[in-house]
Amino acid sequence: MISQQAPRGAVPAHLQDWVDRRLVNTHVRIVRMMVLGTLLNACAMLLVLFGEVATAQLTLFAASTALAGFHRLWIADPTGPHRDRVHRQRRDFRWNAWWMGLNLGVPLALWLPHVPPGAQLLLAVCGIAQLASAAYTMRTLPLSATAWIALQTLGLAVGLAWIGSAPTTIAVLVLIAAAGMLIRMAFISHHLFIARLLADRELATSNWTVQVLLNEYEQTGSDWLYELDREGRLINVTARFADRAGRAIDALEGQPFAALFGADAIRDTLTGALTSRRPLHGAILALANPGGTVQRWWSVSGRPSQAAGGGRVAWRGLISDVTDHRMAERRAQQMAHFDALTGLPNRTLFDRTLGELVEERGPDEAVALLHLDIDHFKAVNDEFGHPAGDAYLRMFANRLTAALEASGLGGARRMVARLGGDEFAIALVGNDACDHAARLAGVLVETMAQPYALDDLDIAGGVSAGLALAPLHADDKQQLFSYADMALTRAKRDGRGTWEMFEPGMDEALHERHALARDLRHAVSRGELRLFLQPLIDVPSEAKTGYEALLRWQHPERGLVPPDQFIPIAEETGLIVPVGEWVIRTAFEEAARWPGGETISINLSPLQLSSPNLMPLIVHALAETGIDPARVEFEITEGVLLNNSEANIALLGKLHDLGVKIALDDFGTGYASLNYLLTFPFDKIKIDRRFVNELETREESRAIVAAVIALANQLGMCTLAEGVEQPEQLAQLRRDGCRMVQGWLFGKAQPSEHYHPRAALPPAAPAARLPRARRTAPLPPRAARRSSGR
């Protein structure tokens with residue numbers, strides 16, 4: 001007879017009995033459920049077949065089923081004669097499988113052809129259910145499963161064959177195939193179960209080996225040991241332990257071990273482990289000195305001891321000094337939550353705290369968020385260098401903190417943080433947080449505007465602020481911060497040095513600006529930009545001597561977008577650099593076609609002057625179009641000289657050396673207009689339109705215009721008045737000696753074809769070409785003037 005032992009090739013000989021016992025025990029654990037299922041199956045058959053099959057046959061079937069089931073339970077009884085005889089138990093299980101297979105197989109063969117169709121269906125279902133049960137419950141005893149499945153399948157197949165119909169013949173074939181698969185699955189499960197048993201045993205052996213090594217390390221490692229008696233008191237104190245504890249051996253002997261550490265939850269854990277005699281692993285405890293100040297940290301491990309050194313040792317353990325690691329963790333936490341430059345909380349800590357304040361505020365409390373941005377901080381870095389910028393930030397943070405402390409906010413809770421760069425934030429919580437925040441915003445705008453003394457310099461100060469309130473504006477921190485940022489953006493657009501509170505329409509305006517910025521990024525590549533021209537008029541002859549190039553955007557959905565809507569966006573996003581390059585190339589190409597030799601005037605923003613590609617671009621455009629440099633004029637605003645003035649003046653000098661002209665635009669609206677006339681030899685001064693508009697109504701404007709014209713004539717500079725719309729204005733400017741004007745009186749800004757139809761203009765012959773300059777990426781955006789028609 002074939003053996004039902006585990007495969008000899010897969011199991012070491014010394015483990016064979018161990019494996020066989022576990023195979024049998026696995027079946028024993030489920031044998032009761034198996035027998036119960038068999039008995040329930042037999043009861044169902046008896047109920048349905050009563051009256052269809054002879055009572056004697058049914059009685060014999062019931063008795064045989066019950067005896068076979070109880071016989072299997074007897075074999076599995078852990079207190080029976082098989083408890084220490086696994087081979088006999090396995091053999092008896094196999095004989096019982098033959099019995100149970102015949103017990104159902106014979107009735108299926110005899111009864112199935114002769115009972116009604118409903119009873120036939122039940123017999124077939126019961127037979128299949130028993131086949132599945134045998135395959136599952138005896139998968140660790142595959143030979144027993146094979147005997148049961150084969151005998152029962154044979155009986156069911158014979159019964160089906162006797163019926164004699166075509167469907168039952170097919171059913172016989174399907175049944176035989178399924179029985180073969182079940183037997184095969186039983187053997188596969190058997191082999192997989194053995195493999196898992198051996199793997200689990202190997203893993204357990206490895207774990208035991210590792211544990212032995214760990215125990216050895218705890219007893220002989222590089223750290224130090226300690227021993228305690230049953231009351232948790234130190235005994236057998238070593239010199240190394242005493243040295244690390246900073247006390248004498250005699251002072252430590254007999255002292256409660258837990259008393260060495262500062263009172264906290266971890267010490268309570270240590271005390272609980274000692275009391276309940278359970279192991280302790282890696283508890284980090286703060287060691288206290290006699291003054292009670294925590295100085296060092298120890299990592300304490302230990303376990304109850306079974307060996308009794310003199311009958312006293314009840315606990316042994318290992319201690320490591322982790323002070324350096326603990327201090328490093330604290331420094332890392334400090335760096336993670338506080339700004340290294342100013343010492344203020346950083347964005348991470350502020351964001352978490354703001355969320356807690358919003359969620360945990362009382363029913364009558366409000367949360368006010370002030371988002372602050374230093375005005376013109378980039379100019380400080382550019383002008384004085386980054387070390388000076390860092391010193392400026394520290395002074396700003398100190399002044400901000402002092403102003404907050406001195407603001408008299410009553411009982412309002414507050415927090416100030418540096419979010420990064422030149423951004424700061426303040427959160428206030430309290431019943432009057434709204435009023436406090438509004439008052440504080442005004443105080444900060446005034447206080448932070450005072451100059452900052454840095455070495456021998458006085459650096460101008462200034463701050464813009466945006467205010468949002470919870471729950472008035474938002475109920476969650478993200479939305480609250482977004483609204484405060486929108487209010488800050490409005491304050492900066494309104495001229496800086498002020499504060500704004502969020503209003504519901506701001507988010508719509510911001511979304512509109514984002515949409516315009518998104519579309520503007522593709523305006524050049526899609527050919528949506530248009531070059532408009534406005535005539536520049538010689539006053540004595542009233543002849544057109546040139547044109548100013550003005551930019552328009554023909555949006556495919558919005559139509560013609562005014563420059564005051566998209567130029568500020570281009571300046572803020574840095575898109576003014578590629579857009580300005582397009583204007584320069586297009587204006588040069590357009591002017592090269594004019595047969596009259598009129599001049600072309602082009603606006604340059606501060607951001608364009610900061611681009612390293614500007615000079616190569618202009619040189620290449622001059623060479624490519626062949627236009628005379630004397631016909632080209634670049635207009636700059638006073639902001640160019642205010643920011644990074646030395647570098648910008650040097651660049652303007654290089655442009656001047658090319659032969660192009662430089663004009664100072666919007667003269668009289670900046671910080672030190674007269675001083676700029678001494679800084680650079682401008683070719684032209686453009687008088688701002690606000691003075692021209694008031695020529696007929698304000699004596700002061702007439703006086704200013706006359707003085708500027710006289711000063712320019714004395715310095716040999718041409719003057720051009722912007723915004724001339726009435727003959728009376730022209731007459732006054734002519735009397736004052738103004739040489740050029742520009743405005744609607746002589747022509748509005750129109751597409752270039754309006755003044756110079758291209759069909760009638762032959763292209764100019766290009767001069768010798770220069771090598772094409774390598775393009776470089778634009779620098780971050782800076783403030784610039786708007787390019788709009790006058």
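Residues numbered from 1 in each chain as written. Predicted model: local features only at pLDDT ≥ 70, side-chain atom pairs only at ≥ 80, totals over all residues. Heavy atoms only, no water.

**Examining the overall build of the chain**
Then, number 1: The helix and strand inventory of the chain stands at 28 helices and 22 strands.
Then, number 2: Taken over 790 residues, the chain has a buried fraction of 47%.
Then, number 3: Here the contacts in the chain between residues at least 6 apart in sequence split such that 67% fall between residues at least 24 apart.
Then, number 4: In the structure as shown, the chain presents an accessible area of about 38,400 Å², 57% of it carried by carbon and sulfur atoms. (Helix = DSSP H or I, 4+ residues; strand = E, 2+ residues; numbered from the N terminus. Buried < 20%, exposed > 50% of the residue type's maximum accessible area, 1.4 Å probe, protein only. Contact = heavy atoms within 4.5 Å. Areas by Shrake-Rupley, 256 points an atom, 1.4 Å probe, with all protein chains shown as cover.)

**What about empty space enclosed by the protein?**
Then, number 1: A full pass over the atoms with the stated rule returns four cavities of 30 Å³ or more.
Then, number 2: One number sums up the size of the second largest cavity: a volume of about 90 Å³.
Then, number 3: As for the second largest cavity, its lining consists of Thr 38, Asn 41, Ala 42, Met 45, Phe 61, Thr 65, Met 100, Asn 103, Leu 104, Gln 130 and Trp 148.
Then, number 4: Every element with two or more residues in the lining of the second largest cavity is listed here: helix H2 (31–49), helix H3 (55–76) and helix H4 (86–111).
Then, number 5: Counting residues per element, the lining of the second largest cavity draws most heavily on H2, which supplies four residues.
Then, number 6: Looking at the lining of the second largest cavity, its residues break down into six nonpolar, five polar and no charged. (1 Å grid on protein atoms, 1.4 Å probe; cavity = no way out; pocket = protein on both sides within 12 Å on 5 of 7 lines; lining within 4 Å. Points joined across faces, edges and corners; volume = space filled by probe spheres on them. Nonpolar A, V, L, I, M, F, W, Y, C, P; charged D, E, K, R; others polar.)

**Looking at the pattern of salt bridges**
Then, number 1: Tallying each qualifying case throughout the model produces 23 salt bridges.
Then, number 2: Across the salt bridge formed by Glu 590 and Arg 593, the nearest N and O atoms sit 3.9 Å from each other.
Then, number 3: Look at Glu 590 and you get buried, because its relative accessible area is 1%.
Then, number 4: A salt bridge links Glu 722 to Lys 686, with the nearest nitrogen and oxygen atoms 3.4 Å apart. (Salt bridge = Lys/Arg side-chain N within 4 Å of Asp/Glu carboxyl O.)

**Some thoughts on the confidence of the model for the chain**
Then, number 1: Across the chain, the average pLDDT comes to 81, with 87% of residues at or above 70.
Then, number 2: The lowest-confidence element of the chain is helix H24 (residues 673–679), averaging 67 in pLDDT; the highest-confidence one is strand S21 (residues 740–741), averaging 96.
Then, number 3: Contacts for the low-pLDDT stretch residues 1–9, under 50 throughout, to residues beyond four places or in other chains number 28 contacts.
Then, number 4: In the predicted structure, residues 759–790 sits below a pLDDT of 50 and forms 90 contacts with residues beyond four places in sequence or in another chain. (pLDDT = per-residue confidence, 0-100.)

**Observations regarding the side chain of Thr 38**
Then, number 1: For Thr 38, the position within the fold is in helix H2.
Then, number 2: The class of Thr 38 is buried, set by a relative accessible area of 8%.
Then, number 3: Separated by 3.4 Å, the side chains of Thr 38 and Gln 130 make a polar contact. (Polar contact = N/O pair within 3.5 Å; in protein donor to acceptor, adjacent residues only side chain to side chain.)

**Considerations on the environment of Gly 389**
Then, number 1: Relative to the helices and strands, Gly 389 resides in helix H14 (residues 386–405).
Then, number 2: You can call Gly 389 buried: its relative accessible area is 0%.
Then, number 3: The spatial distance from the C-alpha of Gly 389 to the C-alpha of Asp 422 is 9.7 Å, given a sequence separation of 33 residues.
Then, number 4: Once you skip the residues sitting within four places of it in the chain, Gly 389 turns out to touch Phe 377, Val 380 and Asn 381.

**Describing the environment of Arg 739**
Then, number 1: Looking at the secondary structure, you find Arg 739 in the loop between helix H27 (727–736) and S21.
Then, number 2: A relative accessible area of 42% means that Arg 739 is categorised as partly exposed.
Then, number 3: Distance in space between the C-alpha atoms of Arg 739 and Asp 538 is 6.2 Å, their sequence separation being 201 residues.
Then, number 4: When residues no more than four places from it in sequence are discounted, the contact partners of Arg 739 are Ile 537, Asp 538, Val 539, Pro 540, Asn 713, Met 717, Cys 718 and Thr 719.

**Regarding unusual backbone geometry**
Then, number 1: Cis geometry is found at the peptide bond from Ala 470 to Pro 471, where omega equals 10 degrees.
Then, number 2: Tracing the sequence through the fold places Pro 471 in the loop between strand S11 (463–470) and helix H16 (477–493).
Then, number 3: For Asn 236, which is not glycine, the phi dihedral falls at a positive 55 degrees.
Then, number 4: The residue Asn 236 is located in the loop between strand S2 (234–235) and helix H8 (239–245) in this model.
Then, number 5: We classify Asn 236 as partly exposed; its relative accessible area is 44%.
Then, number 6: With a phi angle near 55 degrees, Glu 542 is a residue other than glycine that sits in the positive phi range.

**Examining helix H18 (residues 563–573)**
Then, number 1: The set of residues buried in H18 consists of Pro 563, Phe 566, Ile 567, Pro 568, Ile 569, Ala 570 and Glu 571.
Then, number 2: Among the residues trailing H18, Gly 574 stands out with phi positive, at a value near 85 degrees.

**Looking at the side chain of Arg 631**
Then, number 1: Structurally, Arg 631 can be placed in the loop between helix H21 (614–625) and strand S17 (632–636).
Then, number 2: One buried charged residue, Arg 631, forms no salt bridge at all, with the nearest opposite charge on Glu 598 at 5.0 Å.
Then, number 3: Here the side chain of Arg 631 touches Ala 591 through a polar contact of 2.7 Å, landing on its backbone oxygen.
Then, number 4: Excluding its chain neighbours within four sequence positions, the residues that come into contact with Arg 631 are Ala 591, Trp 594, Gly 597, Glu 598, Thr 599 and Ile 600. (Lys, Arg positive; Asp, Glu negative; His and termini not counted.)

**Focus on the packing of H4 against helix H6 (residues 142–163)**
Packed helices, taken two at a time, are described by the angle their axes make and the gap between the axes.
Then, number 1: Running from N to C, H4 and H6 cross one another at 10 degrees; their axes reach a closest spacing of 8 Å. Accordingly, the angle class assigned to the pair H4 and H6 is roughly parallel. Packed against H4, whose contacting residues are Phe 93, Arg 94, Ala 97, Trp 98, Met 100, Gly 101, Leu 102, Leu 104, Gly 105, Leu 108, Ala 109 and Leu 110, the element H6 presents Leu 143, Ser 144, Ala 147, Trp 148, Leu 151, Gln 152, Gly 155, Leu 156, Val 158, Gly 159 and Trp 162 at the interface. (Axes fitted to C-alpha atoms, helices over the stretch in contact; angles between N-to-C directions. Parallel < 35°, antiparallel > 145°, perpendicular 65-115°, else oblique.)

**Observations concerning the nonpolar core**
Then, number 1: Counting residues in each nonpolar core, the largest one holds 74 residues, and the members touching the most others are Phe 588, Ile 600 and Phe 634.
Then, number 2: In terms of residue count, the dominant contributor to this core is helix H19 (residues 576–592) (nine residues).
Then, number 3: Setting aside residues up to four positions removed in sequence, Phe 634 forms contacts with Ile 584, Phe 588, Ile 602, Leu 604, Ile 618, Val 660, Lys 661, Ile 662 and Ala 663.
Then, number 4: Listed in part, the 35 residues of the second largest apolar core include Ala 366, Leu 393, Ala 441 and Val 445. (Core = buried A, V, L, I, M, F, W, Y, C linked by side-chain atoms within 4.5 Å.)

**Description of the sheet that holds strand S8 (residues 423–430)**
Then, number 1: One open sheet holds the five strands; their spatial order is S7-S8-S6-S11-S12, and the pairing between them is mixed. Every interior strand has two partners, whereas the edge strands, strand S7 (413–420) and strand S12 (499–501), have only one. Between one strand and the next, the sheet's axes are offset by a mean angle of 15 degrees, whatever the strand orientation.
Then, number 2: Where strand S6 (residues 366–374) and S11 come together, eight bridges link them in antiparallel fashion. Considered in S11, the bridge of Ile 374 is made with Val 463.
Then, number 3: Along the sheet, H14 makes contact with S6, S7, S8 and S11, crossing S8 at roughly 15 degrees.
Then, number 4: Packing of H16 onto the sheet brings it into contact with S6, S7, S11 and S12, and relative to S11 it is tilted by some 145 degrees. (Pairing = 2+ DSSP bridges.)

**Some words on the packing of aromatic side chains**
Then, number 1: Tallied over the full model, the rule gives 14 aromatic pairs.
Then, number 2: Ring geometry for Phe 241 and Trp 298: centres 5.7 Å apart, planes at 75 degrees, overall edge-to-face. Of this pair, Phe 241 sits in helix H8 while Trp 298 is found in strand S4 (residues 294–304), placing the two residues 57 residues apart along the sequence. We note that Phe 241, like Trp 298, is buried. (Phe/Tyr/Trp six-rings, centres within 6.5 Å; stacked < 30°, edge-to-face > 60°.)

**Details of the pairing of strand S1 (residues 224–228)**
Then, number 1: Most of S1 sits out of view: four of its five residues are buried.
Then, number 2: Sheet analysis places S1 next to strand S5 (residues 315–321), joined by five bridges and oriented antiparallel. Residue Leu 228 lies in a different strand from S5, and its bridge partner there is Trp 315.
Then, number 3: Here two bridges tie S1 to S2, and the two strands are oriented antiparallel to one another. The residue of S2 that forms the bridge with Glu 227 is Ile 235.
Then, number 4: Between S1 and the antiparallel strand that follows it, S2, lie five residues; Gly 232 among them carries a positive phi value of about 75 degrees.

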